[in-house]
Amino acid sequence: MTEVVFPSLSKENPDAEGVLATWFVSDGGAVAAEQLIAEVQVDKVSAEVSAPAGGTVHLLVKEEEAVRQGAVIARID
């Protein structure tokens, strides 16, 4: 199982929370390695999150939910 983590986008405040803006995949769907799976935001900075591995993705966070940087947001089997 591979974990997908919320990236660290705020160097000044590494414990800052961000928001999972959009999922580009569905829970239980198949993903390929390096496929874009989400967009996240911290302090008005947006970033895309890619799958670190291929497999079946299990989403752990809902869209628009606040998430601490470095937290696990999904798992890939």
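(A) Structural view of the environment of Pro7. Secondary-structure assignment places Pro7 in the loop between β1 (2-5) and β2 (17-23). The exposure class of Pro7 is partly exposed, given its relative accessible area of 22%. As a C-alpha pair, Pro7 and Thr22 span 15 residues in sequence and 14 Å in three-dimensional space. Apart from the residues within four sequence positions on either side, Pro7 is in contact with Val40, Val49 and Gln69.

(B) A look at the pattern of salt bridges. Enumeration according to the criterion identifies one salt bridge in this entry. Its salt-bridge partner being Arg75, residue Glu3 comes within 3.7 Å of it at the nearest N-O pair. A residue pair is termed long-range when its members are at least 10 positions apart, and Glu3 in strand β1 and Arg75 in strand β8 (residues 72-76) qualify at 72 residues. Residue Glu3 is classed as partly exposed on the basis of its relative accessible area, which comes to 43%.

Cut-offs used in this document
Every residue gets a number counted from 1 within its own chain, in the order that chain's sequence is written. For this predicted model, a pLDDT threshold of at least 70 governs which residues receive local features, and a threshold of 80 or more governs which side-chain atom pairs are given and counted, while totals over whole chains, interfaces and linings are taken from all residues. The basis for the side-chain values is all heavy atoms of the structure; hydrogens and waters are excluded. Secondary structure elements are taken from DSSP: a helix is a run of H or I of four residues or more, a strand is a run of E of two residues or more, and numbering for both begins at the N terminus. Throughout, exposure labels follow a simple rule: accessible area from a 1.4 Å probe, protein chains only, divided by the maximum for the residue type, with under 20% read as buried, over 50% as exposed, and the rest as partly exposed. Throughout, a contact is declared for two residues whenever any of their heavy atoms are within 4.5 Å. By definition, a salt bridge exists where a carboxyl oxygen of Asp or Glu is found within 4 Å of a side-chain nitrogen of Lys or Arg.

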